[in-house]
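Residues per chain, in single letters:
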Amino acid sequence: MLINSEEYRSMFETEEKLWWYKILHEKVISEINSFSKGNKQIKILDAGCGTGGLLLKLQSTGYQNIKGLDFNDDAVGFSKSRGLDVQKLDITHLQGVFEKESFDIIVSDDVLYQFDDLIIEKTISSIVDILKPNGVFITNNNAFEVFRGTHDIAVGSKKRFVLKDFKAYLSRTKNASIVNHHYWSLFLSPLILVVRLVQKLKLKLNLVDLQNIKSDVEMPSEFMNNLFYNICKFESKILEKSPFGSSIFLVIKKEK
Ligand SMILES: C[S@@+](CC[C@H](N)C(=O)[O-])C[C@H]1O[C@@H](n2cnc3c(N)ncnc32)[C@H](O)[C@@H]1O
């Protein structure tokens with residue numbers, strides 16, 4: 001859960017314009033488009049949908065069977081204010097909530113970081129259960145401990161991931177495997193590292209007000225927003241699989 005309820009308002013206000021959300025939503029929708037091959041009737045669930053930005057984008061792309069869930073009242077309220085079909089549900093207790101093999105695609109972006117390994121493994125396994133055979137689980141997550149900063153405190157992050165974490169979570173789930181993954185953004189990594197190192201230094205020096213801590217979800221100037229967006233676009237054009245970055249994007253496929 002996000003620590004501060006103002007964070008949900010920030011998410012709601014920025015997620016259609018902020019470079020980071022725009023890039024992430026484009027990555028997810030590109031995967032969904034290549035899965036759906038033009039079939040806009042496929043059933044999609046966004047688990048931990050926040051204030052509904054991705055669902056809104058999917059809707060404007062023409063997808064008609066889209067649902068969301070989130071455990072937070074503010075998130076559900078903001079999503080509903082956008083006319084989206086979102087329920088208050090706990091991603092860690094999906095068993096029995098949806099029928100087995102209900103969805104073609106399940107997306108869960110930046111939700112798993114707040115749980116312990118055993119819970120993550122169990123959650124991924126129940127996500128796989130409610131996917132149809134050949135269905136796909138798309139998940140973006142914060143990566144590499146070196147990027148830890150005050151942002152992680154604000155969003156309640158217990159963990160930053162690398163590929164081998166997901167391999168371990170899936171090691172006991174026999175009918176699903178990682179079919180694609182990459183880290184991002186390599187080109188913005190030096191800048192993000194500097195920002196997070198400064199955050200860590202301020203924490204060490206007790207210069208941070210822990211009661212009013214804020215995440216990095218904030219609109220920069222229009223110039224910087226466009227610059228960061230274009231850097232990420234350029235990176236995905238020239239690098240098929242970036243080896244490093246503050247996020248890991250994975251596509252996990254359920255077998256027949
Ligand atoms: C960092 S936000 C990401 C939101 C959205 N997926 C996105 O990409 O913008 C994490 C979301 O997970 C939700 N969340 C936290 N714990 C949850 C749980 N147990 N079940 C469902 N959602 C949860 C939070 O309320 C929050 O909206």
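Here goes a summary of the coordinates provided.

1. Side note on the packing of helix H2 (residues 19-36) against helix H9 (residues 222-238)
Axis separation between H2 and H9 bottoms out at 9 Å; the angle between their running directions is 30°. Here H9 runs roughly parallel to H2, going by the angle between their axes. The crossing of H2 and H9 is right-handed. Here Trp19, Lys22 and Ile23 of H2 lie close against H9, whose contacting residues are Asn225, Phe228, Tyr229 and Cys232. Here the residues of the contact of H2 with H9 sort into 5 nonpolar, 1 polar and 1 charged.

2. Let's talk about the site of the ligand
With respect to spatial proximity, 20 residues lie near the ligand, and among them Gly48, Gly50, Phe71, Asn72 and Asp109 are the closest. Looking at side-chain class alone, the shell around the ligand contains 10 nonpolar, 6 polar and 4 charged residues.

3. Section: the environment of alanine 75
Relative to the elements of secondary structure, alanine 75 occurs in helix H4 (residues 73-81). For alanine 75, a count of 26 C-beta atoms within 10 Å puts it in the buried group. Other than its neighbours up to four places away in sequence, alanine 75 contacts Tyr8, Gly50, Thr51 and Asp70.

4. So, the sheet that holds strand E5 (residues 131-142)
For sheets, the rule is that strands pair by backbone hydrogen bonds, running either parallel or antiparallel. Strand order in this open sheet of 7 strands is E3-E2-E1-E4-E5-E7-E6, and the pairing throughout is mixed. For this open sheet the edge positions go to strand E3 (86-88) and strand E6 (176-184), each flanked by a neighbour on one side alone. Taken pair by pair, the neighbouring strands of this sheet meet at an average axis angle of 15°, ignoring direction. Sheet topology places strand E1 (residues 43-47) next to strand E2 (residues 65-70); 5 bridges connect them, and they run parallel. Bridging across to E2, aspartate 46 finds its partner in glycine 68. Where helix H5 (residues 117-130) meets the sheet, it contacts E1, strand E4 (103-107), E5, E6 and strand E7 (247-254), and its direction lies at approximately 145° from that of E5. The strands touched by helix H7 (residues 163-170) within the sheet are E6 and E7, with E6 carrying the most contacts at an inclination of about 165°.

Parameters at a glance
- Positions within a chain are numbered from 1, following the residues in the order the chain's sequence is written.
- Where local features are concerned, this predicted model is filtered to residues with pLDDT of at least 70; where side-chain atom pairs are given and counted, the filter is 80 or more; whole-chain, interface and lining totals use all residues.
- Geometry is summarised by axes, namely lines fitted to C-alpha atoms with helices restricted to the contacting stretch, and by angles between N-to-C directions that run from 0 to 180 degrees.
- Strands here mean DSSP runs of E at least two residues long; helices mean DSSP runs of H or I at least four residues long; both are numbered from the N terminus.
- Should an angle fall under 35 degrees it is called roughly parallel, over 145 degrees roughly antiparallel, and 65 to 115 degrees roughly perpendicular, with every other angle called oblique.
- It is the rotation of the near helix from the far one that decides the hand of a crossing: anticlockwise by less than a right angle makes it left-handed, clockwise makes it right-handed.
- Contact between two residues is assigned whenever their backbone-derived C-beta positions fall within 7 Å.
- Residue type decides the class: Asp, Glu, Lys and Arg count as charged, Ala, Val, Leu, Ile, Met, Phe, Trp, Tyr, Cys and Pro as nonpolar, and the leftover types, Gly among them, as polar.
- Nearness is defined per residue: the C-beta atom, placed using the backbone, must lie within 6 Å of the molecule or strand.
- Here a residue counts as buried when 20 or more other C-beta atoms sit within 10 Å of its C-beta, as exposed when there are 12 or fewer, and as partly exposed otherwise, the C-beta atoms being derived from the backbone.
- Two strands pair under a simple rule: DSSP has to find at least two bridges between them.

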